[in-house]
Amino acid sequence: YRLGMSLQMQGKRDAAKAEYGAALALAPEHADAHNNLGVLLKDEGRLEQALRHHRQALAARPDFVDALNNIAVALHGLGRPAEALPYFDRALALHPGHAGLHYNKGAALQALGEFDAALSHYREAVRLYPQLAPAHGNLGYVLSIQGKFAEAEPHVARALELQPDADEVRLNLGSVQLSLGRFAEAQQEFERVLARSPDSAQVELHLGWALKEQGEF
C-alpha cells in the first residue's frame, strides 16, 4: 500500500493501481487502498468502478470522510446529484470545516437547480479557504444567473486571478461586465478568450454584443 501511495504521488498511475490491487489481495478490507484506487479510477473516467471501491472503503471504515466525499462526487459525476447529497451531509457532519466538501455539495445542489442552497455552501467554502478558485467561480456564476451581477463580479474576478488561464471563467467575467454595462472591459475579456479559442462561436457572439453596444458592429 505504501509503495502504491509513493507511485501515485510520482504520477505512476498504472504501477500505483497494481500495488493497491496487491494490497487488497492481501487485505480485502483495506479502506485506504480501496479509496486511493477509486481516486485513480475516477480520474480515468471509470466512475462506476471508482464508486464500488469507495463504497468498499466506507464499509470498512464507516466514518471515512474522504470515502463519503468520493462516493458523492462519483454519484454526481454519474448524473445522480440527488443521491450524492446524503453522503455530503454525512461527511460534513463529521468534518464541517472542510472547504472542499462545501464546494462539492454546492456543485451538486447547483446541478439540481437549488441555487440558494448552493450559494450558501459556496460562501462557506470561500470563507474557509479563500484561495479555492472553483468555489469563487461557481459562486459568481450562480449569482449572475440570479441577476446579481455586481455581487457576482468580485468572485468571478477572484477566480480568474487564481486561475488566469481559465477561459470559461474569463468568459463569465466578460459576461458579467457586459450585463453591468461595462462594454469595453467585457470586449477585452472576450478578445483574450477568442485569442486562445478562435473557433468559439459562443465567444464571437458575446464579443459581437459588446461591440454592438459600443456602436462598433
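Before going into details, it helps to say that this report is about the structure given with it. (Residues numbered from 1 in each chain as written. Predicted model: local features only at pLDDT ≥ 70, side-chain atom pairs only at ≥ 80, totals over all residues. Heavy atoms only, no water.)

1. As for the layout of surface pockets
Reasoning step 1: Within this model, the largest pocket holds a volume of roughly 230 Å³.
Reasoning step 2: For the largest pocket, the lining is made up of 13 residues, of which Gly-137, Asn-138, Glu-168, Val-169 and Asn-172 are closest to its centre.
Reasoning step 3: Counting residues per element, the ones that place at least two in the lining of the largest pocket are helix 7 (99-111), helix 9 (133-145) and helix 11 (167-179).
Reasoning step 4: Ranked by residues supplied to the lining of the largest pocket, first place goes to helix 9 with 5 residues.
Reasoning step 5: Within the lining of the largest pocket, the residues separate by chemical class into 7 nonpolar, 5 polar and 1 charged. (1 Å grid on protein atoms, 1.4 Å probe; cavity = no way out; pocket = protein on both sides within 12 Å on 5 of 7 lines; lining within 4 Å. Points joined across faces, edges and corners; volume = space filled by probe spheres on them. Helix = DSSP H or I, 4+ residues; strand = E, 2+ residues; numbered from the N terminus. Nonpolar A, V, L, I, M, F, W, Y, C, P; charged D, E, K, R; others polar.)

2. Things to note about helix 4 (residues 47-60)
Reasoning step 1: Between the first and last C-alpha of helix 4 there are 20 Å, a value that for 14 residues agrees with the 20 Å anticipated at 1.5 Å per step.
Reasoning step 2: Within helix 4, the full set of buried residues consists of Leu-47, Ala-50, Leu-51, His-53, His-54, Ala-57 and Leu-58. In a view along the axis of helix 4, the buried residues occupy a sector of 165°, so they form one face of it. Summarising the geometry of helix 4, the exposed residues directed more than 90 degrees from the buried face are Arg-52 and Ala-59.
Reasoning step 3: Where helix 4 is buried, its residues touch helix 2 (13-26), helix 3 (31-43), helix 5 (65-77) and helix 6 (81-94). (Expected span 1.5 Å × (residues − 1). Buried < 20%, exposed > 50% of the residue type's maximum accessible area, 1.4 Å probe, protein only. Arc of directions from axis to C-beta. Contact = heavy atoms within 4.5 Å.)

3. Re the nonpolar core
Reasoning step 1: Residues Tyr-87, Phe-88 and Tyr-122 are the most contacted members of the largest nonpolar core, which totals 36 residues.
Reasoning step 2: Mapped onto this core, the elements with two or more residues apiece are helix 4, helix 5, helix 6, helix 7, helix 8 (115-128) and helix 9.
Reasoning step 3: Ranked by residue count, the leading element in this core is helix 5, at 7 residues.
Reasoning step 4: Among all residues touching Tyr-122, those that are not within four sequence positions of it are Tyr-103, Gly-106, Ala-107, Gln-110, Ala-135, Asn-138, Leu-139 and Val-142. (Core = buried A, V, L, I, M, F, W, Y, C linked by side-chain atoms within 4.5 Å.)

4. Let's talk about the packing of helix 5 against helix 6
Reasoning step 1: Two numbers describe how helix 5 lies on helix 6: the axes approach to 8 Å, and their chain directions differ by 160°. It follows from the interaxial angle that helix 5 and helix 6 lie roughly antiparallel. The two elements helix 5 and helix 6 meet at a crossing, and its hand is left-handed. Contacts between helix 5 and helix 6 involve Val-65, Leu-68, Asn-69, Ile-71, Ala-72, Val-73, Leu-75 and His-76 from the former and Pro-81, Glu-83, Ala-84, Tyr-87, Phe-88, Arg-90, Ala-91 and Leu-94 from the latter.
Reasoning step 2: Of the residues contributing to the contact of helix 5 with helix 6, the split by class is 12 nonpolar, 2 polar and 2 charged. (Axes fitted to C-alpha atoms, helices over the stretch in contact; angles between N-to-C directions. Parallel < 35°, antiparallel > 145°, perpendicular 65-115°, else oblique. Left-handed = near helix turned anticlockwise from the far one by under 90°.)

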